[in-house]
Structures are given as structure tokens and as C-alpha cells.
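Fold and geometry: a report
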Amino acid sequence: MIPRISKGVSASGALGYDHGPGRRDEHENPHKVAGNVPGRRWQDRARAIDQHMRTARPDAVKPLHRTSLRVAETDRQLTDREWKQIAETYVRDMGFGNCPWEATRHAHDHIHITVSRVQWDGKLARTSHDYAKAQTVCRKVEREHGLTDASRKFNRERPQVSKGERESAARRGVAPEKEQLRRRLREAELRSAGTRAGYEAALSEMGIHFRVNVAKTGRVSGYSYGLDGHRDQDGQQVFFKGSQLGKEFSWMQSQKRLDELPARHTTGIASTSSQRGGMTREEARAEAARRATQRTQQPSERSKQRTQRDSGVAPERSNESPAPGVPMTREEARAEAARRAIHRENSREANEQEGERER
């Protein structure tokens, strides 16, 4: 069960949405399932809550506490009686037992709970750490009603694409934007040749808008990304923070991977690709392999080649791997890390393509 919390000022506005048709006429049979405010019509109950807040605590800032509780797609459909029990448990354990409140259902998989923080005695209910408390209550509700543990399903390393995002993408006939951005950002990293300028150039070439968050010290603290053509209802470009796409796309992690990529100025491959603004995946793979071979020569072999150069004899090349137990230099470690990063990216894309074919 996933709780989503918001704060507001008007019970009339909140219950008006709950009992209305919805933004896309998606609400079905809106009705009250629980609450402690008298009144036959939702308009009467909403006015009573608003009147109480204005009279008892006119100084309260955003006195309305709103929570939507949604079960997982794989969970069974709950009855109104079960939702009533869940709402009562949530209100009690959140510390809202002495507050005016109401729970509304207008879909099979979730309810909305509207609570006035102005208690019946005029005191304000405390809401400190309410997000953490809500998670604790939801884990309890899941155990009591045999529902999916959302904390285990949620992948903090790579947040899931929400149901709404998938439905929106399906209506437009495209893959979800988060999934598109994840693939393109890794591709942009490989084409960047290890520099921030190259990374930004690759982003622009691939149709990715970006915003850079720069601290007062001049240090880059993060990036936000958006796909060309992905706009909200007001026509504004939609952006996702790197962390919203996954922990691996925070700027700290992205910069670390860029630093591990081979430098572009060491080979003819890189100089050719620089005309296009970055390496292709094949060029990056070839460069990583070349540098790995170059840096894994034995110290004695390197000395031998230096001696041959000094004497005017053309040095012999060796493709042998270092003997077991010989530590890698920093350059060797970076080349190996780049090779592994490319391998991981190729494996991930192969898995994603296989999953898409299965779907």
C-alpha cells in the first residue's frame, strides 16, 4: 500500500474533487466509506469542517491533511468495509483520532482521507514525521489485510514507472519517458568521451533537454532531464531529476562513470569521433580494449621497450596479460572499469529488449 500525502486549506475543494467526476471522468461511484463528521451530503460535511477550522484556529497554516492510500495492482479488490477499517486504523495511528475527518472512495484500488488538523477541542494535531509514520501504518495495514508489502516492491535504486505514467505513454503510443531517458542517458555517457562538455553535447544531439543545478560555489550539484516533445497540460517541458530516474543517474554517479571512460585525445578513433561530438558505443568499446591491452604490459616489458627505443631498435609489442598477482595501475583500473561499464550497459539493454519482446 502506497500513501501519498498533501496539505491544503479547503475541505470543500478536497471533497469536491473526491466526489466529482475526476480530471478525465475516471471517478466511479464516489461515496463516503468512513468519517466522523455529521451530514447527509458531502457539501454539508465539507462546510462543517471548513467552518470549524476558521472558527477554532483562523491562524492555522494549511490545516488540511490529505492522504491517498492505494493498493498494489496485484492485490485483490477490497470491500467498503475493509476500506473503512483501513481508514480508521490510519487515522488513529497517525494521531488524528480527535480530528474531523472523512474517507472517500471513487475507484476500486484507493481511497482519499481528508483530515482537519484542527481538533474538536481547538488544538492542532501534530504532523511531524508524518511521512515516516504513514509508511509504518501502511506496513501494519498490509500485514493485517494480507496485502503486498510496497516497501519490498519499490526499487529505490531505480524507481518504478507509475501506473499513470504508463497509461499516459500508452495513449500517446510511446514508451514511458523515464525508461527512454534511462537508455539515452547511458548512451550519452558512452558518447561523451569522458567530459562534461561532451556529455552535454551528446544529450543535445539525442533530443534530451537538460537543466544544470549549480551551487553558489560553482559546483554542479545535479541535472534534470526531459525528452523533446514531452510537455505538460500547460505546454511546459517536463523534467525529471536524475535521482528520479534512479540512484545511478544522480550527477555524482554519472560523473564518476564519465571519469572512468577513456580519454578521447589518445587515438585516431577519438579524433575522428570528436568531429561528431563524442564516441559511438563501438568506438568506446574499441578504445577501452586498446587501453586495457596497452596498460597491462609487464614492468619488465616496458623497460625492454624503452631500451630498444634508446638504441634505435623498433620495440616489440606484447599483448600478453599481466601475471596473476600483479597490481593494476590507475590507468589500467580506469580502462577495466570502462570495459565493465560497457558490458553492463549492453547486458541491461539486452534484458530490456528481451522483456519488451515477452510483453
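Everything here concerns the structure above.
Residues numbered from 1 in each chain as written. Predicted model: local features only at pLDDT ≥ 70, side-chain atom pairs only at ≥ 80, totals over all residues. Heavy atoms only, no water.

1. Comments concerning unusual backbone geometry
Selection rule: The helix count covers DSSP runs of H or I at least four residues long, the strand count covers runs of E at least two residues long, and both are numbered beginning at the N terminus.
With a phi angle near 45°, K62 is a residue other than glycine that sits in the positive phi range. Here H129, not a glycine, exhibits a phi torsion of approximately 60°, which is positive. Mapped onto the elements of the fold, H129 is located in the loop between β5 (110-116) and α4 (130-145).

2. Quick notes on the packing of aromatic side chains
Which entries qualify depends on this criterion: Here is the rule: rings of Phe, Tyr and Trp (six-membered ring for Trp) pair when centre to centre is within 6.5 Å. Planes less than 30 degrees apart are stacked, more than 60 are edge-to-face, and the remainder are tilted. Residue burial is assigned from relative accessible area. The probe radius is 1.4 Å, only protein chains are included, and a residue is buried under 20% of its type maximum, exposed over 50%, and partly exposed in between. Charge over a ring is defined by NZ of Lys or CZ of Arg lying within 6 Å of the ring centre and within 35 degrees of the ring normal.
Taken as a whole and judged by the stated rule, the model has 5 aromatic pairs. Between F210 and Y223, the ring centres sit 6.1 Å apart and the planes meet at 40°, which makes this aromatic pair tilted. Within this pair, whereas F210 is found in strand β6 (residues 208-214), its partner Y223 is found in strand β7 (residues 220-227), the two being separated by 13 residues in sequence. Look at Y223 and you get buried, because its relative accessible area is 5%. Between Y223 and Y225, the aromatic rings sit 5.9 Å apart at their centres with planes inclined by 10°, giving stacked as the arrangement. Members of the aromatic cluster, connected to one another through ring pairs, are Y199, F210, Y223, Y225 and W251. Sitting above the plane of the F239 ring, R211 keeps its charged end 4.0 Å from the centroid. The ring of F249 has R257 sitting right over it, with the charged end atom 6.0 Å from the ring centre.

3. Observations concerning α4
Put simply, the rule reads: Given the number of residues in a helix, its expected span is that number minus one, multiplied by 1.5 Å.
Between its first and last C-alpha, α4 extends 22 Å over 16 residues, near the 22 Å set by a 1.5 Å rise per residue. Within α4, the full set of buried residues consists of D130, A134, V137, C138, R139, V141, E142 and H145. Positive backbone phi, at 65°, marks G146, one or two positions downstream of α4.

4. Some thoughts on the sheet that holds β7
Backbone hydrogen bonds are what pair the strands of a sheet, in a parallel or an antiparallel way. Worth spelling out the cut-off: Whether two strands pair comes down to DSSP finding at least two bridges between them.
Strand order in this open sheet of 3 strands is β6-β7-β8, and the pairing throughout is antiparallel. Whereas interior strands pair on both sides, the edge strands pair on one side only; in this sheet they are β6 and β8 (240-241). Relative to β7, β6 runs antiparallel, the two sharing 7 bridges. Of the residues in β7, the one forming a bridge with V212 is Y223.

5. Details of the environment of L258
The cut-off we apply is this: It only takes one pair of heavy atoms within 4.5 Å for two residues to be counted as in contact.
Structurally, the position occupied by L258 is in helix α10 (residues 251-260). Once the C-alpha coordinates of L258 and E189 are considered, the two residues, 69 residues apart in sequence, prove to be 6.4 Å apart. The contacts of L258, once residues within four sequence positions are left out, are E189, S192, G194, T195, Y199 and W251.

6. A short note on the packing of helix α1 (residues 11-18) against helix α2 (residues 42-56)
What counts here: A fitted line through C-alpha atoms serves as each axis, taken over the contacting stretch for helices, and the angle formed by two N-to-C directions is quoted from 0 to 180°. Each angle gets one of four labels, with under 35 degrees taken as roughly parallel, over 145 as roughly antiparallel, 65 to 115 as roughly perpendicular, and the rest as oblique. Here a crossing is called left-handed whenever its near helix is offset anticlockwise from the far helix by less than a right angle, and right-handed whenever the offset is clockwise. In this classification, Asp, Glu, Lys and Arg are treated as charged, Ala, Val, Leu, Ile, Met, Phe, Trp, Tyr, Cys and Pro as nonpolar, and every other residue, Gly included, as polar.
Put simply, α1 and α2 touch, their axes get as near as 8 Å, and they point 155° apart. One element, α1, and the other, α2, form an angle in the roughly antiparallel class. Taken as a pair, α1 and α2 cross one another with a handedness that is right-handed. Residues A11, S12, L15 and G16 of α1 pack against W42, A46, R47, I49, D50 and M53 of α2. A per-class count over the contact of α1 with α2 returns 6 nonpolar, 2 polar and 2 charged.

7. Quick notes on empty space enclosed by the protein
Empty space among the atoms becomes apparent when a probe as large as a water molecule is rolled across them. Keep this limit in mind: Put plainly, a pocket is an open set of points on a 1 Å grid over the protein atoms alone with protein on both sides within 12 Å along at least five of seven lines, a cavity is a set where a 1.4 Å probe fits but cannot get out, and a lining residue has an atom within 4 Å of a point. Grid points are joined across faces, edges and corners, and a volume is the space filled by probe spheres set on the points.
Tallied over the full model, the rule gives 2 cavities of 30 Å³ or more. Each pocket or cavity is described by its volume, and for the largest cavity that value is around 80 Å³. As for the largest cavity, its lining consists of 10 residues, and the residues nearest its centre are E189, L190, R257, L261 and A341. Here the lining of the largest cavity takes 4 residues from helix α14 (residues 330-358), the largest share from any one element.

By themselves, these figures tell us nothing about what the structure is for.
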